[in-house]
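Structural description and commentary
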Amino acid sequence: MLLECSKNDFEKYMDLAYELALDLSKSGYPTYRDGIKTKAMFAERLLKAFDREDEQMLLFVHEGAVQGLIHYYWIPDDHYLQTNAFCIKEATEQALSEFLSYVGERFKGYDAFLGFPEENQKAVAYLSGRGFECIEDDYNNTAFLGRCAPGPVSREIIRINKENYDSFRILHEQIEGDMYWNSDRIGEKLDDWIIFVKETDGKPQGAVYYSDADDGWYEIFGIDIDHDKYDPELFRELLNAAIADTRRRGGRFMTFFCEKEYEETALECGFVCVGRYLCFRVPTVLL
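Residues numbered from 1 in each chain as written. Predicted model: local features only at pLDDT ≥ 70, side-chain atom pairs only at ≥ 80, totals over all residues. Heavy atoms only, no water.

Another aspect to go through is the nonpolar core. Core analysis: the largest hydrophobic core is formed by 28 residues, its most contacted members being Leu 81, Phe 99, Leu 100, Leu 114 and Leu 127. If you list the elements that add at least two residues to this core, you get β2 (55–62), β3 (65–75), β4 (80–88), α3 (92–106), β5 (111–117), α4 (121–129) and β12 (272–283). The greatest single-element share of this core, amounting to five residues, is contributed by α3. For Leu 114, the contacting residues outside a window of four places in its chain are Thr 83, Leu 96, Phe 99, Leu 100, Leu 127, Leu 278, Cys 279, Phe 280 and Val 282. Listed in part, the 26 residues of the second largest apolar core include Phe 196, Tyr 210, Ile 220 and Ile 223. (Core = buried A, V, L, I, M, F, W, Y, C linked by side-chain atoms within 4.5 Å. Buried < 20%, exposed > 50% of the residue type's maximum accessible area, 1.4 Å probe, protein only. Helix = DSSP H or I, 4+ residues; strand = E, 2+ residues; numbered from the N terminus. Contact = heavy atoms within 4.5 Å.)

In a regular helix each residue adds 1.5 Å, so 17 residues correspond to 24 Å; helix α7 (residues 232–248) covers 24 Å between its end C-alpha atoms and thus fits that length. Among the residues of α7, those classed as buried are Leu 234, Phe 235, Leu 238, Leu 239, Asn 240, Ala 241, Ala 242, Ile 243, Ala 244, Asp 245 and Thr 246. If you follow the buried residues of α7, they end up packed against β7 (157–159), β8 (194–200), β9 (203–214), β10 (217–225), β11 (253–258) and α8 (263–268). Of the residues one or two after α7, Gly 250 is the one with positive phi, at around 85 degrees. (Expected span 1.5 Å × (residues − 1).)

Scanning the entire structure with this criterion turns up 31 aromatic pairs. On the numbers, 6.5 Å between centres and 25 degrees between planes, the contact of Phe 196 with Tyr 210 is stacked. In this pair, Phe 196 sits in strand β8 while Tyr 210 sits in strand β9, placing the two residues 14 residues apart along the sequence. With respect to class, Phe 196 is no different from Tyr 210; both count as buried. (Phe/Tyr/Trp six-rings, centres within 6.5 Å; stacked < 30°, edge-to-face > 60°.)

A pair of packed helices is characterised by two quantities: the angle between their axes and the separation of those axes. Two numbers describe how helix α1 (residues 7–21) lies on helix α2 (residues 39–47): the axes approach to 11 Å, and their chain directions differ by 135 degrees. Looking at the two axes, α1 sits oblique to α2. The way α1 lies across α2 gives a crossing that is right-handed. Mapping the contact onto sequence places Lys 7, Phe 10, Met 14, Asp 15, Ala 17, Tyr 18 and Ala 21 in α1 and Lys 39, Phe 42, Ala 43, Leu 46 and Leu 47 in α2. Here the residues of the contact of α1 with α2 sort into nine nonpolar, no polar and three charged. (Axes fitted to C-alpha atoms, helices over the stretch in contact; angles between N-to-C directions. Parallel < 35°, antiparallel > 145°, perpendicular 65-115°, else oblique. Left-handed = near helix turned anticlockwise from the far one by under 90°. Nonpolar A, V, L, I, M, F, W, Y, C, P; charged D, E, K, R; others polar.)

A separate point is the pairing of β2. The buried count for β2 comes to seven of eight residues, which makes it a mostly enclosed element. Relative to β2, strand β1 (residues 2–4) is paired through three bridges, and the arrangement is antiparallel. What sits directly across from Glu 4, in β2, is Leu 58. In the sheet, β2 pairs with β3 via eight bridges, with the strands oriented antiparallel. Bridging from a neighbouring strand, Leu 58 pairs with Ile 70 of β3. Following β2, the chain reverses through two residues before pairing antiparallel with β3; Glu 63 in that reversal takes a positive phi of roughly 50 degrees. (Pairing = 2+ DSSP bridges.)

Here it is, written out as structure tokens:
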């Protein structure tokens, strides 16, 4: 059974929820096992749900006992919904079934996005077994920037601004599909992004783009390579440029969700693998 979680309820069950958030087999994304996020950050983020009209927290009760909680938010203009915490001790499949039924009724026409670690086999098996599309399958990595020693940065790698934004757009439009952060949305919020592009003879070859998540913590959103060519050396150059730049900014951590084919390169650049990440898209019209 799902019940709306009050602020008092959250304070009562926060320790249980955080303990589950540290267990990859009993939680969803974002994970708190990345060496960056803390219990204080967990509490601070989830408490915001009680002050916002586009977020909600639910308690999951099974066989008379609270088994955990679910926190999610939505963007009405984009018909977008995403879980921000899915911490369930027992009966994960039941919790998912009830949650999807709940949002299916309340958010008709939305796309719901649910991310889980590979270790949460109950959640992964339930979603894949119902035929929901796994839209992302990659590896979650953390770079502890004080320990990283990036290689030399090519002079062909340039910072993107409004004047040369088309150099990035040429690359990003090749892969953006229906992703939320497409070229137009990134361009509209360019001050919130750090983008580097490598150009050879004036032509963009690859791009890395990231943002300041919080207090010396940066997150790479993606690396785009022209025509999706497999080019580990270019990939390495772009990662090194990002690491060097964030170190100059005083950054302490960097998060990067990396595709399998480039994971070895990411590790060679100093990243540490937290685990495999799987994200499912659930159109509520199918519920």
